[in-house]
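Take a look at the letters that make up each chain.
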Amino acid sequence: MDDITLKQFLFTQPNGEAASPTDKEYLRIANRLLRIWHNKALMQDAPDDLKKVVCIGLTGYYQDIISDAGVYRSFTDECKRLYGHRVPFHADADDYIDYELNLADVEFVLWYQLAFNSMSHRFLNPRDPRLLDLAAHFYKVLEDEYDDIPSPHDYTSLFQADIYDAEDTEKLHDLSQWLFWKNWLILPPFQLTFAQIYSGWTEIQHSAASQEEAVKRIEEEKQMAMAQLPSGPLALYMREWLPLILTGKMPSPRKAREKETVEECHPWYTAFINATGGKDMIFIKDYDELNDFFINSLGWKEGEEHLPQLKGHGFFALMVTQRHGLMVAKDIARSIKHPLNPYYDSAHASEFAFNLLSQRGVCPADMLRRLLAEGAIPDARFPETDDTALVTENADFIARVYLQEFYRGDN
């Protein structure tokens, strides 16, 4: 296997133009990891290019904690606030040292880099013994160098910015650009979203009157993506990541919407509640019954097939909220353990329920948050495992990292 080249490594670095002496030191670390992987009979189904990306990502984690830049620290601090433990899929152990090199961190970062840089490894079990064994070998390499390797030069300069100082506006812009588009922690889950929007950028290149216009329009699209889309393992917005990294605190939440009055309720909410005797969630087996509910219960136009794209599907879950009105999800009722759901099927759910947390568009965000809060998806598990507890205990994190804006699209 060829080594990771300096050019490949620099692409991920804050200053990607020229190598500093410390860049070369960390490239050496990345290639040590790569050679260890090559020599171990572990996770060899990963292609060579993926192995290089993963080793660069692990080295990025290493650079971050060596320099205390704050990216991984902000992530673990927020996990502690949200979940009571610092590393997803790991309880806080007595030997875990905050903001230092830890085996649990290496295990998580290895899983994360594999799962979100490769569709073939996307649903890898984070407790896969092969992965944990490989992580132990990587940890030994990083531990051997930990006390002697110099702090990465460009990390130190890039993160010396005051989020409240107007004179640091340019630094903050450069930092946010690097974090959103290249950083080892924040970029990986966004790549699926990026692939979906890239086709739009290709169309801009074809339709623009000049190359200069195309560049300008694509740059505007990039800035819009940064402003409007969450990213990273917790699906945070850049307006959340920056203060969290630089100050250790999440920004104050945006002013909550005033509670809607009954007169301001979505009209479908009132109709739904009236038709169901006060229930805001129901389950329907087939399309004909669904269409009948639309017409005879919600008052939609008679003689039509409403939402015809749902024909051929079944086992619908319907929920209504005052703010968003009606939401309908197809093919998921058998995976939902709910007292009002007669269609729950634990055998089916053991195979399908994980899709609600990991496949975008399967379950509306409001509905998924409600189901998780009520413990209504107890059978979800990573493929080829029986460990439902792992998913139940980490369900919000799993939904955030896999679904991104389809779960946290709340701006």
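Numbers given to residues run from 1 along each chain, matching the order in which its sequence is written. In view of the model being predicted, local features appear only for residues whose pLDDT reaches at least 70, and side-chain atom pairs are presented and counted only at 80 or more, with totals across whole chains, interfaces and linings using the full set of residues. As a rule here, side-chain values cover all heavy atoms of the structure and leave hydrogens and water aside.

1. Focus: the sheet that holds strand β1 (residues 281-286)
- Strands were regarded as paired on the criterion that DSSP finds at least two bridges between them. In DSSP terms, a helix is any run of H or I states spanning at least four residues, a strand is any run of E spanning at least two, and both are numbered starting from the N terminus. Taken in spatial order, the 3 strands make up an open sheet running β1-β2-β3, and their pairing is antiparallel. Because the sheet does not close on itself, it has two edges, and the strands there are β1 and β3 (325-329). The average undirected angle you get between the axes of adjacent strands in this sheet is 20°.
- Both β1 and strand β2 (residues 314-321) contribute to a ladder of 5 bridges, which runs antiparallel. Directly across from F283, in β2, lies its bridge partner A317.
- Any two residues having at least one pair of non-hydrogen atoms within 4.5 Å are treated as being in contact. Inter-axis angles, ranging from 0 to 180 degrees, are taken between N-to-C directions of lines fitted to C-alpha atoms, where helices are fitted over the stretch in contact. Contacts from helix α12 (residues 267-276) reach β1, β2 and β3, with the element oriented near 120° to β2.

2. Quick look at the packing of aromatic side chains
- Stacked, edge-to-face and tilted are the three classes for Phe, Tyr and Trp ring pairs, Trp counted by its six-membered ring, which pair at centre distances within 6.5 Å; planes under 30 degrees apart are stacked, over 60 edge-to-face, the rest tilted. Applying the stated rule across the entire model yields 34 aromatic pairs.
- With centroids separated by 6.0 Å and ring planes inclined at 70°, the aromatic side chains of Y61 and W184 adopt a geometry described as edge-to-face. Here W184 lies in the loop between α8 (169-181) and α9 (191-207) and Y61 lies in helix α3 (residues 48-67), a separation of 123 residues in the sequence.
- Each residue gets one of three labels from its accessible area relative to the maximum for its type: buried under 20%, exposed over 50%, partly exposed in between, using a 1.4 Å probe on protein chains only. For W184, a relative accessible area of 8% puts it in the buried group.
- When the ring of Y72 is compared with that of F75, the centres are 5.7 Å apart and the planes differ by 50°; the resulting orientation is tilted. Of the two residues, Y72 and F75 are both situated in helix α4 (residues 71-83); the distance of 3 residues between them amounts to about one turn of the helix.
- Accessibility expressed as a relative area gives 3% for Y72, which makes it buried.
- Overall, the relative accessible area of 0% leaves F75 in the buried class.
- Sitting over a ring, as applied to charges here, requires NZ of Lys or CZ of Arg to be within 6 Å of the ring centre and within 35 degrees of the ring normal. The ring of F11 has K182 lying over it, and the distance from NZ or CZ to the ring centre is 4.4 Å.
- Residue placement shows K222 over the ring face of W181; its charged tip is 5.3 Å from the ring centre.

3. Let's talk about the nonpolar core
- Residues belong to a common nonpolar core when they are buried Ala, Val, Leu, Ile, Met, Phe, Trp, Tyr or Cys residues joined through side-chain atoms within 4.5 Å. Ranked by internal contacts, the top residues of the largest apolar core, which has 106 residues, are Y72, F108, W111, L114 and M367.
- Among the nonpolar cores identified, the runner-up in size contains 18 residues, and Y287, F294, L298 and L318 belong to it.

4. Observations regarding the side chain of K52
- Mapped onto the secondary structure, K52 falls in helix α3.
- For the buried K52, no salt bridge exists, and the shortest N-O distance to an oppositely charged side chain is 4.9 Å, to D49.
- When neighbours within four sequence positions are excluded, K52 is seen to be in contact with D2, D3, I4, Q8 and L34. When charges are counted, Lys and Arg are positive and Asp and Glu negative, with His and the chain ends excluded. Each reported salt bridge corresponds to a side-chain nitrogen of Lys or Arg within 4 Å of a carboxyl oxygen of Asp or Glu.

5. Side note on helix α16 (residues 365-373)
- Taken as a whole, α16 has its buried residues at A365, M367, L368 and L371. Down the axis of α16, the sector holding all buried residues measures 160°, keeping them to one side.
- On its buried face, α16 is in contact with β1, β2, β3, α15 (354-358), α18 (395-403) and α19 (405-408).
- Two residues or fewer past α16, G375 is found with a positive phi of approximately 65°. By definition, the arc is the one covered by directions from the helix axis to the C-beta atoms.

6. Section: the confidence of the model for the protein chain
- Values of pLDDT, the confidence the predictor places in each residue, fall between 0 and 100. Mean pLDDT for the protein chain: 92, with 97% of residues reaching 70 or above.
- Across residues 256-262, where pLDDT falls below 50, the model places 4 contacts with residues more than four positions away in sequence or in other chains.

7. Description of the pairing of β3
- Among the 5 residues in β3, 4 count as buried, and that is most of the element.
- Taking the residues between adjacent antiparallel strands as the criterion, β2 and β3 are bridged by 3 residues.

8. As for the packing of α4 against helix α11 (residues 238-247)
- Running from N to C, α4 and α11 point in directions that differ by 105°, and their axes come no closer than 8 Å. By the angle class used here, α4 and α11 are roughly perpendicular. Here V71, R73, S74 and E78 of α4 lie close against α11, whose contacting residues are W241, L244 and I245.
- When grouped by side-chain class, the residues that make up the contact of α4 with α11 number 4 nonpolar, 1 polar and 2 charged. Should an angle fall under 35 degrees it is taken as roughly parallel, and over 145 as roughly antiparallel, whereas 65 to 115 is taken as roughly perpendicular and any remaining angle as oblique. The classification used treats Ala, Val, Leu, Ile, Met, Phe, Trp, Tyr, Cys and Pro as nonpolar, Asp, Glu, Lys and Arg as charged, and all other residues, Gly among them, as polar.

9. Structural notes on empty space enclosed by the protein
- Only protein atoms enter the 1 Å grid used here, on which a cavity is any set of points holding a 1.4 Å probe that cannot leave and a pocket is any open set flanked by protein within 12 Å on both sides along at least five of seven lines; residues with an atom within 4 Å of a point are listed as lining. Grid points are joined across faces, edges and corners, and a volume is the space filled by probe spheres set on the points. One pass over the full model with this rule turns up 1 cavity of 30 Å³ or more.
- If you go around the largest cavity, the residues you meet are Y61, D64, I65, D68, Y72, R73, T76, Y96, Y99, E100 and D105.
- Residue classes in the lining of the largest cavity are distributed as 5 nonpolar, 1 polar and 5 charged.

10. Description of α12
- Listing the buried residues of α12 in full gives Y269, A271, F272, I273 and T276.
- At its buried positions, α12 is contacted by β1, α13 (287-296), β2 and β3.
- Downstream of α12 by one or two residues, G277 has phi in the positive range, about 70°.

11. Thoughts on the pattern of salt bridges
- Enumeration according to the criterion identifies 20 salt bridges in this entry.
- Put simply, D98 and R86 hold a salt bridge, and the shortest N to O gap is 2.9 Å. Residue D98 is found in the loop between α4 and α5 (103-115), and its partner R86 is found in the loop between α4 and α5; the two are separated by 12 residues along the sequence.
- On the basis of relative accessible area, R86 is assigned to the buried category, the value being 11%.
- With a closest N to O distance of 2.9 Å, R400 and D396 form a salt bridge. Here R400 pairs with D396, and both are found in helix α18, just 4 residues apart, close to one helical turn.
- A relative accessible area of 11% means that R400 is categorised as buried.
- Since its relative accessible area comes to 24%, D396 is described here as partly exposed.
- Beyond isolated ion pairs, a larger network of salt bridges with shared partners links E25, R28, R32 and E145.

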